[in-house]
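Overview (structure and organization)
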Amino acid sequence: MLLLAVFCCLLHTLLVPSSAQSDSNQPVIQLRLAGEKKKHYEGRVEVFYNGEWGTVCDDDFSIYAAQVVCRELGFTGAESWLPSAKYGKGEGRIWLDNVHCTGSEKSLAHCESNGFGVSDCKHSEDVSVVCSSKRIPGFKFIRNQANSQEVEEVRIRATYSHRKRIPITEGFLEVKDGGKWRQICNEDWNQMNSRVICGMQGFPGEKRFNTRPYKLLASRRKKNYWGFSINCTGNEADLSDCKLGREIEKKGNSTCGKGMPVVVSCVPGRLLLEVQPLVRLRGGAMIGEGRVEVLKNGEWGTVCDDNWNIRTATVVCRELGFGSAKEALTGARMGQGIGPVHMNEVECSGFEKSLTECYFNPNSLGCSHEEDAAVKCNVPAMGFHNRLRLSGGRNPYEGRVEVLGERNGSLVWGTVCSDSWGTMEAMVVCRQLGLGFASNAFQETWYWQGDSSADAVVMSGVRCSGTELTLEQCLHHGKHVVCPKGGGRFAAGVSCTMTAPDLVLNAQVVEQTTYLEDRPMYALQCAHEERCLSGSADKADPSSYRRLLRFSSQIHNNGQSDFRPRASPQSWVWHDCHRHYHSMEVFTHYDLMSLNGTKVAEGHKASFCLEDTYCDEGIQKRYECANFGAQGITVGCWDTYRHDIDCQWIDITDVKPGDYILQVVINPNHEVAESDYTNNIMKCRSRYDGHRMWTYNCHTGKRDLFTLCIKDEIFFSKKK
């Protein structure tokens, strides 16, 4: 069940009055965070005084003043404060200037200042704060001097007949107030309120329902109503953005006499219906989070983070079948994308069915992938984590995989056979448990002492594509468990991490550096030993020549953590002919294929030296192969394999003239976990006339053959 840690915020925008009101000598103020913000705990500081909202000047403001503001709003403290209208310029009066706080004040009104309305500032000097996301336990949202409300959680409580359904999409709405669950009277309730509730629970929208059984149930139950109504417009991402409605007069059994407890019914999203929209998320560690990518003219691209906010992020989340957005992320927080930036300065009302319906500036001039927008969405509580656990690890992120499986007609905990167990299977386990990405997949777990009662193997033959939501959705043997090695020390295990690398090949470099070279066999002995030539080379005369399709590879790490070989340096393989170690025996596959996908020539490249050849400005190189140094690719850096080194080719000696597809796949065996494998493939169209090779239309990621062929005709019509 997705519960809100504190129904929280039922109003940091909902006018949180200062505790100053208890002191007749202090002015009564209310605070809110406003402006172009991405999260509910950040924004421009605004003060409600004398019937009017205004701002606070940044002169003399300090972290101590920010602490006072955040605590007054119900957060545990302040992370930082920002001058110069970082969340946009406010309007109206500038109520406070030259604010001096010690940090111990209960209200901003208690801090020293020039006095209310005394300021020589402009709105370009409006101050903002970023508060801690944690709420003060039991924080009371004070509405007036005589009344206060403490709201801790919100839930949809299913009827008895529906409680076994997962997820819970329909039932009575209840809020936890003072440790007790209470209903809300539906006299002032509207459809827009239900829309916001459904969004918080991970669903894209609300729907109609049959009220008759609920009326019957409500008439038989004892009711305990919450004392307020709520007014939402429907485009809010959270109830904290709605307004508190009228106070409900409690009259015992006569409370809400003209109505009944609120019932909410939500629409299951595409997460459950498996429909593929034209917007997708990439690079996220959890379900419902990632970099926003949009499909346009057959090509996936990203969205620039200019003006990116929680309302726009919510449109994305609902479109993808999730609920409202928890966060709108900027600055490529989910890694940098590739390809074009399709949308910039996106502005949504919050009611659009798709991000593409929102206003946006198609001109992305000035936007780079360092500004790619991302989201974190509310997702429905599916209970996936209850059927899987990690046991015996040193921390919660590692251990032997144990699943709840059927044995002799009952559900028992058991292990998973490690035959064929690899990175893709480990990725699904980590995602199902909400632990992010896999960092390692283990086929032996004797060093982790798991639950002895769960030693028996209950699942075998597991094969995952990596996109499944649960291990049960992967291919496996079902009830007929087959595990020759047995469980015990050979049970499957994983270690998980919240960040991962993401390797992307620069397609343009491949296209610009491709050429043919005829090289004699006697100069290819080392490459022949490492199986970098086609099979016909085994019988070739030493004086004969091989025709090599050469090109350079520039491989970027656009992820959130460094790319490191899985094998430790002690286990790297020494190749005497080339006089170097291989940290990964197969780092890339090079293939030349016919248009129907049949392989006609192939090559491969071992990772004998993974290092930071170049880095983006401001990033320090960390990996260098010289003197048996550490190998890897730092985030924001790239490794270049030049066209003139051994094995950086495809042997096309036996290939006939014609049209082909050149394909390069990085990390093809998924030996190292990445946040996104879909961008590990690069394809080019190639035309070979027996003497020359044209390579064109190179692109990263999957694209259908029809699009390639259309661009092929355009390319050659231009050349004619």
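Residues numbered from 1 in each chain as written. Predicted model: local features only at pLDDT ≥ 70, side-chain atom pairs only at ≥ 80, totals over all residues. Heavy atoms only, no water.

1. Considering the overall build of the chain
The criterion, for reference: The numbering of helices and of strands both runs from the N terminus, where a helix is a DSSP run of H or I of at least 4 residues and a strand a run of E of at least 2. Burial classes follow relative accessibility: with a 1.4 Å probe on protein chains only, a residue under 20% of its type's maximum area counts as buried, one over 50% as exposed, and anything between as partly exposed. Whether two residues touch is decided by their heavy atoms; if any such pair falls within 4.5 Å, the residues are in contact. Only the protein chains shown count as covering a residue, and every accessible area follows the Shrake-Rupley method with a 1.4 Å probe.
Along its length, the chain carries nine helices and 43 strands. In the chain, which comprises 720 residues, the share counted as buried stands at 53%. In the chain, once contacts between residues fewer than 6 apart in sequence are set aside, the share between residues at least 24 apart is 71%. A total of about 32,900 Å² of accessible surface is found on the chain, and carbon and sulfur atoms cover 48% of it.

2. Things to note about the sheet that holds strand S40 (residues 649-651)
What counts, and what does not: By this definition, two strands are paired if DSSP reports at least two bridges between them. Throughout, an axis means a line fitted to C-alpha atoms (over the contacting stretch in the case of helices), and angles, computed between N-to-C directions, take values from 0 to 180 degrees.
Strand order in the open sheet formed by three strands is S31-S32-S40, and the pairing between neighbours is antiparallel. The outermost strands of the open sheet, each flanked by one partner alone, are strand S31 (515-520) and S40. Between one strand axis and the next, the sheet turns through 35 degrees on average, direction left out of account. Taken together, the three bridges between strand S32 (residues 545-550) and S40 define a ladder with antiparallel strand orientation. Of the residues in S40, the one forming a bridge with Leu549 is Ile650.

3. Points about the confidence of the model for the chain
We count it as follows: The quantity called pLDDT is the predictor's confidence in a given residue, expressed from 0 to 100.
Averaged over the chain, the pLDDT score is 84; the fraction of residues at 70 or greater is 89%. Ignoring residues within four places in sequence, the model shows residues 140-150, a span with pLDDT below 50, making 35 contacts including any to other chains. Counted against residues more than four places away or in other chains, residues 704-720, with its pLDDT under 50, gives 16 contacts.

4. Notes on the state of the cysteines
As a reminder of what qualifies: Cysteine sulfur atoms are paired as a disulfide whenever they fall within 2.5 Å.
One pass over the full model with this rule turns up 15 disulfides. Two residues share a disulfide in this structure: Cys70 and Cys131, whose sulfurs sit 2.0 Å from each other. Here the disulfide of Cys70 and Cys131 is left-handed, its torsion about the S-S bond being about -85 degrees. Here Cys70 is found in helix H1 (residues 63-72), whereas its partner Cys131 is found in strand S7 (residues 128-131), with 61 residues between them in sequence. Each of the two residues, Cys70 as well as Cys131, counts as buried. Note on cysteine connectivity: Cys684 is disulfide-linked to Cys698, with sulfurs 2.0 Å apart. Because the torsion about its S-S bond is 115 degrees, the bridge between Cys684 and Cys698 counts as right-handed.

5. Looking at the pattern of salt bridges
Once the charged atoms of two side chains with opposite charge are near each other, the side chains can pair. Cut-off, in case you're wondering: Salt-bridge detection follows one rule: a side-chain nitrogen of Lys or Arg within 4 Å of a carboxyl oxygen of Asp or Glu.
Taken as a whole and judged by the stated rule, the model has 27 salt bridges. Glu293 serves as the salt-bridge partner of Arg280, at 2.8 Å between the closest nitrogen and oxygen. Of the two residues, Arg280 is situated in strand S17 (residues 279-282) and Glu293 in strand S18 (residues 289-296); the sequence distance between them amounts to 13 residues. For Arg280, a relative accessible area of 16% gives the class buried. Residues participating in the shared-partner salt-bridge network are Arg389, Arg400, Glu402 and Asp455.

6. Describing H1
Within an α-helix, residues lying three or four positions from one another point in the same direction, as the helix has 3.6 residues per turn. Buried within H1 are the following residues: Ala65, Ala66, Val68, Val69, Cys70 and Glu72. Directly beyond the C-terminal end of H1, a positive phi value near 100 degrees is found at Gly74.

7. As for the sheet that holds strand S30 (residues 503-505)
Hydrogen bonding along the main chain pairs the strands of a sheet, whether they run parallel or antiparallel. Sheet architecture is open: four strands sit in the order S30-S33-S39-S38, paired in antiparallel fashion. In this open sheet, the two edge strands, each paired with only one partner strand, are S30 and strand S38 (614-615). With four bridges joining them, strand S33 (residues 553-557) and strand S39 (residues 637-641) adopt antiparallel strand pairing. Counted as the bridge partner of Gln554 is Thr640 from S39.

8. Thoughts on the side chain of Thr695
Locating Thr695 in the fold gives a position in strand S43 (residues 693-700). Judged by its relative accessible area of 11%, Thr695 is buried. For Thr695, the residues in contact, after removing those within four places along its chain, are Glu511, Thr514, Leu662, Cys684, Arg685 and Ser686.

9. Focus: helix H6 (residues 423-432)
Burial analysis of H6 places nine of its ten residues in the buried class, which makes it a mostly covered element. Where the residues of H6 are buried, they touch strand S24 (388-392), strand S25 (398-407), strand S27 (437-442) and strand S29 (493-497). Immediately downstream of H6, the backbone of Gly434 shows phi near 70 degrees, a positive value.

10. Re the packing of aromatic side chains
Selection rule: Each Phe, Tyr or Trp ring (for Trp, its six-membered ring) is paired with any other whose centre lies within 6.5 Å, and the angle between the two planes then decides the class: stacked below 30 degrees, edge-to-face above 60, tilted in between. Two thresholds decide whether a charge sits over a ring: the Lys NZ or Arg CZ must be within 6 Å of the ring centre and within 35 degrees of the ring normal.
In this structure the tally under the stated criterion is 16 aromatic pairs. The interplanar angle of 45 degrees and the centroid separation of 6.2 Å between the aromatic rings of Phe587 and Tyr641 together place this pair among those described as tilted. Placement of the pair is Phe587 in strand S36 (residues 584-593) and Tyr641 in strand S39, with a sequence separation of 54 residues. A single burial state applies to Phe587 and to Tyr641, both of which are buried. A centroid spacing of 6.2 Å and a plane angle of 35 degrees characterise the contact between Tyr614 and Trp638, whose relative ring orientation is tilted. Placement of Tyr614 in strand S38 and of Trp638 in strand S39 is noted, with a sequence separation of 24 residues between them. Pairwise contacts between aromatic rings join Phe442, Trp446, Tyr447 and Trp448 into one cluster. Above the ring of Phe490, the side-chain terminus of Arg489 is found at 5.3 Å from the ring centroid.

11. Some points on the pairing of S25
Of all ten residues that make up S25, eight are buried, and the element is covered over most of its length. Hairpin connection between S24 and S25: a loop of five residues separates the two successive antiparallel strands.

12. Some points on the environment of Ser132
Stated precisely, the cut-off is as follows: By the criterion applied in these results, polar contacts are pairs of N or O atoms within 3.5 Å in which, for protein atoms, one can donate a hydrogen and the other can accept it, and in which residues neighboring in sequence qualify only through two side-chain atoms.
As for its placement among the helices and strands, Ser132 is situated in the loop between S7 and strand S8 (141-144). Taking C-alpha positions, Ser132 is 9.6 Å from Gln67, a pair spaced 65 residues apart along the chain. Those residues in contact with Ser132 that lie beyond four places of it in its chain are Tyr41, Phe75, Thr76, Gly77, Ala78 and Glu79. Polar contacts involving the side chain of Ser132 include one to the side chain of Thr76, which spans 3.2 Å.

13. A few points about unusual backbone geometry
One can expect most non-glycine residues to show negative phi and most peptide bonds to be in trans. Even without glycine at this site, Asn297 takes up a positive phi of about 55 degrees. By secondary structure assignment, the location of Asn297 is in the loop between S18 and strand S19 (299-303). Despite not being glycine, Ala332 has its phi angle at roughly 55 degrees, a positive value. Mapped onto the elements, Ala332 comes out in the loop between strand S20 (325-329) and strand S21 (341-347). In this structure Ala332 comes out as buried when scored by relative accessible area, which is 14%.

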